[in-house]
Amino acid sequence: MIIQDITLRNFRNYREMTLLPHEGVNLFFGANGSGKTNLLEAIHYCALGKSHRITGDQSAVRMGEQFGVCEITVMTGGVRRKITIRLVPNDLNKKTILIDGKRIQRFSDMMGCLQCVIFSPEDLGLIKEGPSLRRRYLDMMISQVNRGYFIALQQYRSGLEQRNALLRNLRVNGGTGKNLLPDFEQAMAGPAAAIVAGRSKIVELLSDLGAETYRNISGLDREEFRVSYHSSLREAENPEEAFLAQMAESREDDIRTGVTSVGPHRDDLNLSLNKKNMKVFASQGQIRTAALSLKLAQMKVLRQVGGETPVLLLDDVMSELDKNRRRRLVSEISDYQTFITCTDESDLELDGDYRVYRVSAEDGTADIEETNAGESIPLAEPAEPDFS
Ligand SMILES: Nc1ncnc2c1ncn2[C@@H]1O[C@H](COP(=O)(O)OP(=O)(O)OP(=O)(O)O)[C@@H](O)[C@H]1O
Ligand SMILES: [Mg+2]
């Protein structure tokens, strides 16, 4: 899929902006705070209906304005679609999503219209932090190509919330309502099995593609990156029955603690380098390479499973990569419509088809100006270390 145009109105530090991006690599450079990440965030909004930032909807509308709009025209398999997101400040419930001018009622109706994969500095947390980020990574990836999965996820989450609310109540007040637990568990069992099936299938693909991408970027055969899926239901012949059995078994403990202790909401991805847990043993550079490999592998998985090539968003990816890794990264992304940000134009040496834009915000309003296209930009030599 190819983004043909992007229009922003009162979105973050943009007032009114239309961009007709290149089909290949689009490089955006500019000073800190100029609006580079904001642009990628707008694309993410149109793909998934929400920000990739934690602060999301509350602060997305330009300060002092009554509404904000992100609009993208995307071409997918010969079909042109317009995706519009209208936001109202400080009101999470007043977000309107339109596809070709028609308002949609559910997020699931927009899934797949525009698929994107984003890498931002926070994604280093995929390796360094706890399992919730890794589950989110899997869930976002699968939801983009499998609407049934997205629906199962929502059903499971809603069942889990109800079960947890009841558990908390039982812990505090005791007795009443305990007999309702099996009903909630029954409603969660089907979605739980669908989630585990979706995750198992994707991680199988991800494992090989992640390892291959890691090798391509690092250029090292001696570093073997592996991804595997950890779930209490993964080995089960009948995951629905296994889920119900695990729920029944943990019920008394769950009442004591007030939370549901087993199920897909406790799944994880194991990430290892040369068979060692990356979180414990990996260096900073290895962590960055692994996080980036997971995102680039996600591009390949989505293309393989969904038949469409998503749009790639790379935010501030260059900062810790050495010259060779940057060069290898460029060859990894050359097949994709990519939006890549950096602070200096010379951070990246591009070949082939690409376009370069300067992002500035002199008076607090972001402005994007195309600077050049098609010429190779020399890569800056790393500065001599200063030992003084
Ligand atoms: N709702 C808003 N209204 C107006 N300006 C906003 C709003 N939200 C964020 N901004 C401004 O947007 C700017 C941040 O933009 P962005 O995060 O895109 O910067 P960046 O170019 O990615 O910078 P860096 O290189 O530091 O990552 C800040 O100056 C911030 O004040
Ligand atoms: Mg930024």
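The subject of this paragraph is the overall build of the protein. Check the secondary structure of the protein and you find nine helices and 15 strands. Its C-alpha atoms give the protein a radius of gyration of 23 Å, within 12% of the compact-globule value 21 Å for 388 residues. For the protein, the spread of C-alpha atoms along the principal axes amounts to about 70 × 55 × 50 Å. Within the protein, buried positions represent 52% of all 388 residues. Counting only contacts in the protein whose residues sit at least 6 apart along the sequence, the fraction spanning at least 24 positions is 71%. Counting 49 positive and 55 negative side-chain charges, the protein places the centres of these two groups 5 Å from one another.

In the vicinity of ligand 1, 16 residues are found, and the nearest of them are Gly33, Lys36, Thr37, Asn38 and Arg53. Note that an oxygen atom of ligand 1 is positioned 2.7 Å from one of the backbone N or O atoms of Gly33. Coverage of ligand 1 by the protein chains reaches 71% of its 660 Å² of free accessible surface.

What follows is about the side chain of Asp268. Within the element layout of this structure, Asp268 appears in strand S10 (residues 268-273). Reaching out from Asp268, the side chain makes a polar contact with the side chain of Arg134 at a distance of 2.7 Å. Non-local contacts of Asp268, meaning those with residues more than four positions away in its chain, are made with Pro131, Arg134, Ser228, Tyr229 and His230.

Let us look at the packing of helix H5 (residues 181-218) against helix H8 (residues 284-306). Two numbers describe a pair of packed helices, the interaxial angle and the distance between the axes. Where H5 contacts H8, the axes come no closer than 7 Å and their chain directions differ by 130°. Here H8 runs oblique to H5, going by the angle between their axes. Considering only the axes of H5 and H8, their crossing is right-handed. Taken together, the residues that form the contact of H5 with H8 break down as 13 nonpolar, nine polar and two charged.

Two side chains with opposite charge may pair up if their charged atoms get near one another. Counted by the stated rule, this structure contains 24 salt bridges. Residue Glu41 pairs with Arg12 through a salt bridge whose shortest N-O separation is 2.5 Å. Highlighted residues: Glu41 in helix H1 (residues 36-48) and Arg12 in the loop between strand S1 (2-11) and strand S2 (14-19), separated in sequence by 29 residues. Arg163 is the partner of Glu185 in a salt bridge, and the nearest nitrogen-oxygen pair spans 2.9 Å. You can see Glu185 sitting in helix H5 and its partner Arg163 sitting in helix H4 (residues 147-173), a full 22 residues away along the chain. The pair formed by Glu185 and Arg163 is uniform in burial state, with each residue classed as buried. Taken together, the shared-partner salt bridges in this structure form one network comprising Asp139, Arg157, Arg199 and Asp267.

Another aspect to go through is the nonpolar core. Core analysis: the largest hydrophobic core is formed by 65 residues, its most contacted members being Phe225, Leu292, Ile333 and Ile340. If one sorts the elements of this core by residue count, H5 sits on top with 11 residues. If you count residues domain by domain, this core takes at least three from each of domain 1 (1-115 + 311-380) and domain 2 (124-307). When residues no more than four places from it in sequence are discounted, the contact partners of Ile340 are Val25, Asn26, Leu27, Phe28, Leu314, Val317, Met318, Ile333 and Leu348.

Parameters and conventions
Residues numbered from 1 in each chain as written. Chains lettered and ligands numbered in written order. Predicted model: local features only at pLDDT ≥ 70, side-chain atom pairs only at ≥ 80, totals over all residues. Heavy atoms only, no water. Helix = DSSP H or I, 4+ residues; strand = E, 2+ residues; numbered from the N terminus. Rg over C-alpha atoms; globule rule 2.2 N^0.38 Å. Buried < 20%, exposed > 50% of the residue type's maximum accessible area, 1.4 Å probe, protein only. Contact = heavy atoms within 4.5 Å. Lys, Arg positive; Asp, Glu negative; His and termini not counted. Charge placed at Lys NZ, Arg CZ, Asp CG, Glu CD. Near = heavy atom within 4 Å. Polar contact = N/O pair within 3.5 Å; in protein donor to acceptor, adjacent residues only side chain to side chain. Areas by Shrake-Rupley, 256 points an atom, 1.4 Å probe, with all protein chains shown as cover. Axes fitted to C-alpha atoms, helices over the stretch in contact; angles between N-to-C directions. Parallel < 35°, antiparallel > 145°, perpendicular 65-115°, else oblique. Left-handed = near helix turned anticlockwise from the far one by under 90°. Nonpolar A, V, L, I, M, F, W, Y, C, P; charged D, E, K, R; others polar. Salt bridge = Lys/Arg side-chain N within 4 Å of Asp/Glu carboxyl O. Core = buried A, V, L, I, M, F, W, Y, C linked by side-chain atoms within 4.5 Å. Domains from an automatic or database assignment.

Limitation: the analysis is restricted to geometry and does not speak to function.
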